[in-house]
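Chain residues, written in single-letter form:
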There are 2 protein chains.
Amino acid sequence: MEAIANITRLETPVHPYYPLEIQIVGYVANQLSVPHLLVSFAAGCAAIFSITTVIVTKIRPHLPRSELLTVLWFVLSGCIHLFFEGYYVLNHTRMGGQMDLFGQLWKEYSLSDSRYLTSDPFVLCMETITAAAWGPLSFLVAALITTESPLRYPLQAIVSLGQLYGDVLYYTTSMFDHFHKGLSYCRPESYYFWGYYFFMNTFWIIIPLVLLYNSVTATARAFKIAEQTAGKTRQKKLN
Amino acid sequence: MEAIANITRLETPVHPYYPLEIQIVGYVANQLSVPHLLVSFAAGCAAIFSITTVIVTKIRPHLPRSELLTVLWFVLSGCIHLFFEGYYVLNHTRMGGQMDLFGQLWKEYSLSDSRYLTSDPFVLCMETITAAAWGPLSFLVAALITTESPLRYPLQAIVSLGQLYGDVLYYTTSMFDHFHKGLSYCRPESYYFWGYYFFMNTFWIIIPLVLLYNSVTATARAFKIAEQTAGKTRQKKLN
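Since the model is a prediction, treat every value here as computed from it, not as a measurement. (Residues numbered from 1 in each chain as written. Chains lettered and ligands numbered in written order. Predicted model: local features only at pLDDT ≥ 70, side-chain atom pairs only at ≥ 80, totals over all residues. Heavy atoms only, no water.)

1. A word on the UniProt feature "transmembrane region" (unreviewed entry) in chain A
Residue and element names in this part refer to chain A.
- Look at the UniProt record and you will see "transmembrane region" (unreviewed entry) annotated at residues 37–56, 68–90, 121–146 and 191–213.
- Span residues 68–90 is 100% helix and 0% strand, its end C-alpha atoms 32 Å apart.
- In the segment residues 121–146, helix accounts for 100% and strand for 0%; the C-alpha atoms at its two ends are 37 Å apart. (UniProt positions renumbered as here; feature names shortened; annotations may be inferred. Helix = DSSP H or I, 4+ residues; strand = E, 2+ residues; numbered from the N terminus.)

2. Comments concerning the UniProt feature "domain: EXPERA" (unreviewed entry) in chain A
- Summarizing the sequence annotation, UniProt attributes the feature "domain: EXPERA" (unreviewed entry) to residues 66–212 of chain A in the numbering used throughout.
- Taken end to end, residues 66–212 of chain A is 78% helix and 0% strand, and its two terminal C-alpha atoms sit 15 Å from one another.

3. Focus: a nonpolar patch on the surface
Residue and element names in this part refer to chain A.
- Together, Leu82, Phe83, Leu101 and Phe102 line one region of the surface with nonpolar side chains, adding up to about 320 Å² of accessible area.
- Broken down by secondary-structure element, the contributors of at least two residues to the nonpolar patch are helix 3 (65–91) and helix 4 (101–109).
- Within the element layout of this structure, Phe83 appears in helix 3.
- Residue class for Phe83 comes out partly exposed when judged on its relative accessible area of 47%. (Patch = residues over 30% accessible without salt bridge, like charges linked within 9 Å, V, L, I, M, F, W, Y side chains within 5 Å. Areas by Shrake-Rupley, 256 points an atom, 1.4 Å probe, with all protein chains shown as cover. Salt bridge = Lys/Arg side-chain N within 4 Å of Asp/Glu carboxyl O. Buried < 20%, exposed > 50% of the residue type's maximum accessible area, 1.4 Å probe, protein only.)

4. With respect to the packing of helix 3 (residues 65–91) of chain B against helix 5 (residues 121–146) of chain B
All names here are of chain B.
- Where helix 3 meets helix 5, the axes come as close as 7 Å, and the angle between the chain directions of the two elements is 150°. Relative to helix 5, the element helix 3 lies roughly antiparallel. Note on packing geometry: the crossing formed by helix 3 with helix 5 is left-handed. (Axes fitted to C-alpha atoms, helices over the stretch in contact; angles between N-to-C directions. Parallel < 35°, antiparallel > 145°, perpendicular 65-115°, else oblique. Left-handed = near helix turned anticlockwise from the far one by under 90°.)

5. A short note on the interface of chain B and chain A
- Of the residues lining the interface, 40 residues belong to chain B; the matching set on chain A comes to 40 residues.
- Ranking the residues of chain B by area buried against chain A places Pro150, Tyr165 and Phe223 of chain B at the top, with a combined share of 20%.
- Along the contact surface separating chain B from chain A lie zero salt bridges.
- If you look at where chain B meets chain A, you find one residue pair in polar contact (both at pLDDT 80 or more).
- Looking at the side of chain B that touches chain A, the elements with two or more residues in it are helix 5, helix 6 (152–181) and helix 7 (190–238) of chain B.
- By residue number, the principal contributor to the side of chain B that touches chain A is helix 6 of chain B, which donates 16 residues.
- Split by residue class, the side of chain B that touches chain A holds 26 nonpolar, 11 polar and three charged. (Contact = heavy atoms within 4.5 Å. Buried area = accessible area lost by both parts, 1.4 Å probe. Polar contact = N/O pair within 3.5 Å; in protein donor to acceptor, adjacent residues only side chain to side chain. Nonpolar A, V, L, I, M, F, W, Y, C, P; charged D, E, K, R; others polar.)

6. Topic: the packing of aromatic side chains
All names here are of chain A.
- Using the criterion set out here, one finds 56 aromatic pairs over all chains in the structure.
- Seen in terms of ring centroids, Trp106 and Tyr116 are 4.5 Å apart; in terms of plane orientation they differ by 25°. Their pairing is stacked. Pair noted here: Trp106 is in helix 4 and Tyr116 is in the loop between helix 4 and helix 5 (121–146), with a separation of 10 residues, a long-range link.
- Classification of Trp106 by relative accessible area gives buried; the value is 3%.
- Judged by relative accessible area, Tyr116 falls into the buried class, the value being 3%.
- Taking the centre distance of 6.4 Å and the plane angle of 35° together, the rings of Tyr171 and Phe198 count as tilted. Separated by 27 residues along the polypeptide, Tyr171 in helix 6 (residues 152–181) and Phe198 in helix 7 (residues 190–238) bring together distant segments of the chain.
- Residue classification places Tyr171 among the buried positions, given a relative accessible area of 14%. (Phe/Tyr/Trp six-rings, centres within 6.5 Å; stacked < 30°, edge-to-face > 60°.)

Structure below.
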């Protein structure tokens, strides 16, 4: 009887995700409450910020505040890309039944975008690149800022553009399906659309834009100085 | 009778694209031959190269050969992104029936990737960003190289990474559908896969990778020189 019940659950899943007709393999409802999940996520972020601040302040006690904030951003991004998004990439075929903290967090988030529960090709490929490339590179940029490396700004530009482009495609692909095909992956309650889908991803639009601009202007300044120095050297040689 | 024939053709399209069951709105077979299409495309590229070489050589007669080649690359990219890919973006809902040169070129290429004939959300969004952002920015980078602007390398990195990321996602999304879902958008003849899908897109993997590396190393060098110059200035002030 239990076997039959399981088969029935697999074949006719009842789930709260939109569009309602999608098949979610082995769906099991979350057990942790929404406040529990949100507080766990916030606590994780706070722990990452605290540990990073302690380490960076020890290595570089006089690092300007804006640089420390940029390091915190890249370490947080690195952790989310590598561990949280990496978790999705490794488990994309069985996300509906995942019951650990990350699994339940993803299932809560997916109320705003069910593509995470159906191995959507674009979402999976974008997340794979994010986890495998922007994840490790985010940690590298944090280290390059802390050590004042000349590689910092070009790498900061690469990671920021990677995050920005991925996020713009993430928004536009689902917006296209919504407006052109009348297909919504988000539950109708506006909390999910604005609170999860819009708000949580908007950080990876605004902050990378600022850091990309910051990188371009700093690089142009460095080239100007390098060009002036080369000019002076040529002048000296001519004299 | 003609009206009925047209309706029948719209409702039950017979087309050479894979997977065979896809619906292509208003499909009309190409009239131009494949050699005609390929020679037209090659002639277009040759014209772009010739005109650009004449203009750039007039503005900067002593521009190093490698720089001229980079300018040619960005002008060609700009033209393809803005005009050819822009054409697809504007006409994505009626690509099957387009009979002008660009329309027939796209229909020939689509034998290797039918997503261009079905308004695939990822392909459309990626192409929109490519046409709207990387297109104009490619022309800007060509101009920045010609005028030796300090903004050249950061902008070269942005456009190259944009092209690279878009192309990697382009390959991986269809490879995922092929291997994970057994869904192929390419005709079975290997000419289409290797000649069109693989070969034509591989340029936007290899060349952007080289130009991105080139940009990162040039930028790191500029920051080193700028840092040394700042160090000397500090030293002078202290003395």
